[in-house]
Each structure stands twice: as C-alpha cells, then as structure tokens.
Amino acid sequence: MELEAIPGVGAKTAASLRELDDPVATVESGDVAAIARAPGVNEARAARIARGAIRRRHGDDGRVLATDRARELYREAIDLLRERTVTDYAAKRLETFYPSASASRIAEAQSFAADAADRDPDPAVREALADCAPLSDPPTVRVRDRCLATADAETLARAEAEVPELSVETVEDARDVSELGRSYASVIVLDESFAGLDVEGDVSVRPDALEAPAETVPERLLAFFAENRDRLEAAAAVHEAAAAAGDPVSGGGPPVALDRLRDALSRLDDDGTIAGDAELDRLTAAVDDLDAAVSTAASVADDRLREAIRERDVTIEGTDFLSLVEQGARVDSLLDRELADEYDAAVDAAREHLADALRLEPEEAELAERVFGGDPSFPVDHDESAVSRLRTELSAARDRRAAKLKADLASDLGDLRQPVEELVRDALELDVELAVARFARDFDCTLPEVVEPAGDDDGGEAPPAGFRIEGGRSPLLDVDFPDVEPVDYGVSGATLLSGVNSGGKTSTLDLVALVVVLAQMGMPVPAESATVERFEEIHYYAKSQGTLDAGAFEATLRDFGDLVDGADGRLVLVDELESITEPGASAKIIAGILEALDDQDATAVFVSHLAREIRAAADFEVAVDGIEAAGLVDGKLRVNRSPKKGHLARSTPELIVEKLADDRGGEFYGDLLEKF
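We now turn to the structure provided with this report. (Residues numbered from 1 in each chain as written. Predicted model: local features only at pLDDT ≥ 70, side-chain atom pairs only at ≥ 80, totals over all residues. Heavy atoms only, no water.)

**Side note on empty space enclosed by the protein**
- Tallying each qualifying case throughout the model produces 1 cavity of 30 Å³ or more.
- Counted as a void, the largest cavity has a volume near 90 Å³.
- Lining of the largest cavity is provided by Asp31, Ala33, Ala34, Arg37, Tyr89, Pro134, Leu135, Glu421, Val424, Arg425 and Leu428.
- For the lining of the largest cavity, the elements supplying multiple residues, two or more each, are α3 (32–35) and α21 (417–442).
- Here the lining of the largest cavity gets 4 residues from one element, more than from any other, and that element is α21.
- When grouped by side-chain class, the residues that make up the lining of the largest cavity number 7 nonpolar, no polar and 4 charged. (1 Å grid on protein atoms, 1.4 Å probe; cavity = no way out; pocket = protein on both sides within 12 Å on 5 of 7 lines; lining within 4 Å. Points joined across faces, edges and corners; volume = space filled by probe spheres on them. Helix = DSSP H or I, 4+ residues; strand = E, 2+ residues; numbered from the N terminus. Nonpolar A, V, L, I, M, F, W, Y, C, P; charged D, E, K, R; others polar.)

**Quick notes on the sheet that holds strand β1 (residues 146–150)**
- One open sheet accounts for 4 strands, arranged β2-β1-β3-β4; its pairing is parallel. Strand pairing shows two members of the sheet lacking a second neighbour, β2 (167–170) and β4 (203–205), which therefore form its edges. Averaged over all adjacent pairs, the angle separating strand axes in this sheet is 25°, with direction ignored.
- Bridge analysis of β1 against β2 gives 4 bridges, and the strand direction is parallel. Bridging from a neighbouring strand, Thr150 pairs with Thr170 of β2.
- Helix α9 (residues 153–162) contacts β1 and β2 of the sheet and is inclined by roughly 170° relative to β2. (Pairing = 2+ DSSP bridges. Axes fitted to C-alpha atoms, helices over the stretch in contact; angles between N-to-C directions. Contact = heavy atoms within 4.5 Å.)

**Concerning the layout of surface pockets**
- In this structure, the largest pocket spans a volume of roughly 1300 Å³.
- Along its surface, the largest pocket is lined by 36 residues, and Glu19, Asp21, Arg37, Asp137 and Arg417 are the ones closest to its centre.
- Contributing elements (two or more residues each) for the lining of the largest pocket: α2 (23–29), α9, α11 (213–216), α12 (218–227) and α21.
- For the lining of the largest pocket, the per-class residue count stands at 19 nonpolar, 4 polar and 13 charged.
- Of the voids in this model, the second largest pocket is the one considered here, and its volume is about 970 Å³.
- Of all the secondary structure elements, the ones that give two or more residues to the lining of the second largest pocket are β3 (186–189), α11, α12 and α20 (384–414).
- Considering every element that reaches the lining of the second largest pocket, the biggest residue donor is α20, with 10 residues.
- Among the residues forming the lining of the second largest pocket, the class breakdown is 16 nonpolar, 9 polar and 15 charged.

**Remarks on the packing of α12 against helix α13 (residues 229–244)**
- Taken N-terminus to C-terminus, the directions of α12 and α13 make an angle of 60°; their axes are 4 Å apart at the nearest point. By the angle between their axes, α12 is oblique relative to α13. The segment α12 lies against α13, with Phe225, Ala226 and Glu227 engaging Arg229, Arg231 and Leu232.
- Partitioning the contact of α12 with α13 into residue classes produces 3 nonpolar, no polar and 3 charged. (Parallel < 35°, antiparallel > 145°, perpendicular 65-115°, else oblique.)

**Looking at the pairing of strand β9 (residues 529–533)**
- Pairing of strand β5 (residues 449–451) with β9 involves 3 bridges; the strand directions are parallel. Counterpart to Val450 in the pairing with β9 is Val532.
- Across 4 bridges, strand β6 (residues 467–472) lies against β9 in antiparallel orientation. When the sheet's bridge partners are listed, Arg468 is paired in β9 with Thr531.

Structure (structure tokens):
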C-alpha cells in the first residue's frame with residue numbers, strides 16, 4: 001500500500017511515516033500509539049491516519065454522515081465512549097471507529113466490539129490503567145568514548161545515518177586507526193580490509209557492526225528501556241491486575257515474563273547507565289573520589305609525621321644547621337637522617353588510607369603505592385604523574401566494566417524489545433475494550449443486526465429494510481438513564497411521524513440516528529434488540545429555528561433536490577421542516593419530497609404537525625405513525641413514547657379542547673372538538 005494513497009496523507013506526512021520501522025504494517029495495524037511515534041505526528045493525527053488506512057483497506061470511500069446534525073450525533077456517540085476510557089490513548093483510538101457503509105468494516109468492528117463487551121471492567125484494572133501510556137523514543141544518546149571508523153565514503157554516510165550516537169571517523173591506514181585508539185576508549189573498524197589489524201588500544205574490526213546495533217551501541221536500547229521504565233511497569237501492573245480479576249489481557253498471558261522484565265529494569269538506572277553492580281560502583285566512586293582521597297591521605301601522613309616530630313628531641317649540630325641554611329631551610333636530609341623510620345611509617349599510613357578509601361584491589365593498590373614515597377618532605381608530597389596513572393587505570397577498568405555490563409544487559413533486553421511493545425499495546429488496547437464494555441453495560445446495549453439493503457440481493461424490487469428498534473433508550477436525554485422510557489419503533493420506506501408537542505418526536509429521531517450511527521460504527525446500541533439496514537448515507541436535518549428568508553429557503557430546497565436525486569440506500573430524518581416557510585406551502589413541499597424519496601425506496605422519517613395536510617397533498621399513500629398522548633394529568637401530558645404504526649396522533653390543542661369539553665361541557669367546546 002502506498003502511504004500517499006491513504007486519505008489525508010500527503011507527501012510530508014508520508015515522509016514522516018517512513019521513519020517508522022515498518023511504516024505500512026504500522027499504519028495498517030491501526031495502532032495509534034505506534035503511528036504517533038513518527039516525527040511530527042501526534043496521537044490525534046495518528047488516529048486520523050489509522051482511520052484513513054482502515055477506509056483504504058475496506059474500499060470505504062463514501063461518507064455516511066451527510067449532514068451537520070448527523071455528524072453531531074456521531075460526536076456525541078464517540079464522547080459517550082471516550083468518557084469511559086482511562087488513558088488518552090484509548091480516547092484517541094476510539095476515533096478510528098466511524099460509521100461505515102462497508103459491510104466488511106462493520107463486521108470487523110462488530111467482532112472487536114463483541115469481544116470487548118464480554119470484558120469485565122474491574123476497578124483494580126482501571127486503577128492500574130491510570131499510569132499506562134504509549135512508549136516513547138528517548139533523545140539520541142551521545143557516546144563519546146567510542147567511535148566507528150571506515151575508509152569507505154558510502155559506509156561512512158550509512159554509519160552516520162544509522163548510528164547517530166557515535167562519532168564516525170575516516171581512516172586510510174593502520175596509523176590512522178592507531179591514532180584513534182589513543183583518542184577513544186574503544187574503536188570499531190567497519191572495513192573488512194583492516195582484518196588482522198594489530199594496534200595498541202581497544203580496537204576491533206567488525207564489518208557487521210551496523211547490522212547489530214545492540215552490540216555496537218547498547219546505550220540506544222538501554223536508553224529506550226530507561227525512558228520507558230514507568231510505562232513498562234504500569235503495563236505489567238495492568239496485566240497482573242487483569243489476570244487477578246479473572247479476565248486476562250490475552251489468553252496466552254503477557255508476551256514477556258514480567259519477573260524477567262523487572263529484573264532487567266532493576267539493573268538499569270534512570271539515565272540509562274548500569275545500576276546495582278557493586279564492582280562498577282566501586283570503580284566509579286574510586287575515579288570520582290581519587291583527588292580527595294589523595295589529599296586526605298597526604299593529611300594522614302602529615303599528621304603522623306607532625307606527631308612524631310613533637311615526640312622526638314632532635315639535635316642539630318652546627319655544620320648541619322649551616323647546611324640547612326645553605327639549602328634554603330630544607331628538611332629533607334634531616335628527615336632522612338633523624339626521622340627515616342617515622343617518615344616511612346607516615347607514608348605507609350598514607351598509602352593504606354588511599355587504598356582503603358578507594359577500596360582498591362591488590363593490583364590497583366600497587367599503583368597507589370607510587371603516589372607516595374618519593375624524597376622525604378614535610379608536608380608529605382605526592383607524585384602527580386602516579387596519580388594520573390592510577391586515574392587512567394581506574395577509569396579504563398570502570399569503562400571496561402561498564403561496557404561489559406551494558407553489552408550483557410543489552411543482550412538480555414534485546415529479545416524483549418518487541419515483546420514489551422506488545423505488552424504496552426495490549427494494556428492500552430484493553431482500555432479501549434473496557435470503554436466499550438462499560439458503554440454496553442451502562443446503557444444496556446446489544447449488538448445490532450446490520451442487514452444488506454433489500455435491493456442488493458433481489459434486483460431492487462423489495463422495499464428497503466429500514467430499521468427496527470425494540471426497547472431503545474437514548475442516553476442523550478437530560479435525565480438519568482434508568483428513568484428513560486423505552487421506545488419500540490421501526491420504519492421501512494417514507495413515513496410521517498406525528499404527535500403532541502413535547503411528546504418525544506425529536507428524541508425518537510435522535511434515538512434512531514444514534515442507533516444507526518452506532519450500528520454502522522460496529523458498536524453496541526442502547527436497545528434490547530435492533531435491526532439496521534446498511535445505509536450508504538445518513539441525512540439528519542434538525543428543526544429550523546424559524547422561518548427562512550428567500551435565499552435560505554432556496555438553499556434548503558437545493559439541498560433536498562440533491563438529496564432525492566438517487567436517494568436509495570439513504571436514511572433521511574427530518575424534524576419539522578414546515579417551520580421553514582408558511583404551513584400551506586410547507587405541506588406541499590414535504591409531500592413532494594416524500595414522493596421522491598418513496599420513488600427511490602429510501603428510508604425516511606419526517607416529524608411534522610402537518611400530517612393531514614401533507615397526506616392530502618401527496619400523490620401516494622403516505623405512512624403516518626403517531627406518538628400517542630393518553631391525555632392530560634394535572635396539566636402535564638401522559639404519553640406512550642413508542643410511535644403507533646398507521647396512527648395520526650392527536651395534537652396538544654385537541655387534547656386540551658377535549659379535556660375542557662369533558663370538564664366543563666357546553667356547546668362551544670363540543671363544536672371546537674368536532675372541528676378536529
């Protein structure tokens with residue numbers, strides 16, 4: 001699949017996506033977090049790319065949501081699902097579900113939703129999810145004690161691109177490599193032509209070094225795990241909580257042994273360096289504390305020698321005193337002659353303190369002995385070149401130890417790289433599933449049956465399948481969901497929906513639209529059962545806020561003219577279209593629209609108070625359903641919310657006149673009632 005072929009992906013975005021390890025597979029997977037790892041692509045953008053890839057895979061080029069109100073209902077449906085997520089990832093991932101006209105996409109999404117609805121949204125699992133987040137790529141780590149070397153320009157360019165952590169040096173011969181060996185702790189030569197090279201320093205010839213980045217630059221892998229430590233531990237906690245709840249994330253258990261992962265992470269510090277190794281800690285501390293330890297050791301020697309001088313009576317003959325004066329008052333010879341044993345003891349104390357303070361091994365202590373022990377002096381002096389030599393040896397030992405530990409840990413973590421991606425992805429996807437499960441439970445949902453348009457199988461002679469909802473309750477109403485009255489309603493063909501004011505006609509349209517939108521998203525719907533035709537488009541026109549001026553009225557008619565031009569496979573929901581102009585003209589216009597929709601075998605529900613007038617103006621027998629009011633009780637309507645098929649519901653004024661005729665009697669109210 002060409003990335004540019006995905007809807008919404010241009011050349012710039014495609015270039016960013018190609019930075020991913022396997023861009024096509026990643027995009028097709030719908031993994032929002034993985035797509036968002038591409039440079040400059042955030043999670044919201046990643047969700048749109050994933051949705052575009054899904055459309056491309058299913059050949060789903062149409063746009064089901066054809067009007068603003070239809071799109072609003074979709075946003076409200078998505079918000080109901082998103083409110084039940086814990087992670088930002090899941091909220092974005094839900095954006096990849098959209099009302100589709102593709103049978104294969106709907107089936108795919110329904111399969112996901114069916115599995116998700118069986119999940120148990122355990123509170124402990126949701127609590128563990130609170131710390132879960134997608135993995136992130138750490139900044140590039142610069143490694144300055146190691147370099148790559150090559151004589152080939154093409155290899156150099158490749159090495160610079162693939163291993164930005166290391167310097168890449170140009171060499172021509174063994175002399176150049178030898179120079180690098182003195183400048184870097186470790187040199188990796190990439191050219192096979194240098195095989196058998198024998199130069200001083202840690203120099204190796206590895207032509208395959210670029211193919212084994214974990215060995216060449218283990219810091220990259222360690223930085224990744226250090227950067228994502230909290231995310232990995234959170235994902236592990238999610239898997240454990242789900243297993244404890246009896247609803248494991250995946251049937252085969254976590255893709256990585258959690259004890260092994262935690263053990264590896266315990267050996268890694270937050271900055272990507274090795275942690276928990278006593279020998280490395282000793283060498284690191286020895287290098288860091290060397291100067292201070294030398295200074296303290298010298299003070300120990302000075303104190304020992306000062307105390308010895310205080311306790312000794314030293315006689316200086318005249319010739320000795322004259323010699324001291326001639327030598328600038330130096331005491332070297334005096335110390336050598338009179339306090340030789342005491343001076344040796346002081347030096348031994350300094351050496352012992354230095355070895356103990358730095359916790360030196362025997363071979364290191366031999367180097368430390370050279371720091372003290374030159375010509376006698378007071379204060380006791382030390383050999384700076386010996387200190388430098390000791391520092392060099394300790395630093396080299398530290399670096400060798402760190403390099404070995406990094407290589408060992410990177411080797412242990414290397415085969416965990418892909419499994420931990422799955423570990424985190426599965427935990428995040430669990431949040432998506434649990435959101436669907438909570439949605440289904442909160443609103444007593446069921447998976448609807450999505451059926452093919454009748455004409456698809458029998459030449460188009462049969463009427464449209466339409467929709468059928470039983471026990472539907474809308475979660476969009478401004479009342480507690482348990483208090484929502486269930487609605488049974490089904491329509492096939494063009495139908496008028498009549499009823500009293502505030503009887504629930506608009507709420508019924510909203511319920512129908514919501515059920516159809518959710519059904520074609522592949523999601524559960526808030527009903528006891530539902531059957532929905534797979535509509536190509538959903539047109540929902542909300543109630544106008546007043547009579548339109550001539551220009552707006554003309555534009556509205558143009559919209560309906562386009563709508564009825566090939567309306568088969570469409571669901572049309574219209575709320576009180578008569579409000580756009582005078583009632584007499586409105587009835588004629590609505591009748592004409594219904595005639596055209598009926599000719600196209602479209603499924604349509606028009607809410608109107610002009611059912612009688614529309615039916616009289618139409619050239620076909622218009623189906624009329626009614627939301628029947630049982631009457632007025634204490635000034636409030638008592639309504640049967642489920643529309644009654646083939647029934648023209650009475651209006652609110654008729655009910656009021658009827659009540660007055662019953663309550664007060666008289667010819668006036670009786671005559672008024674007869675006019676209805």
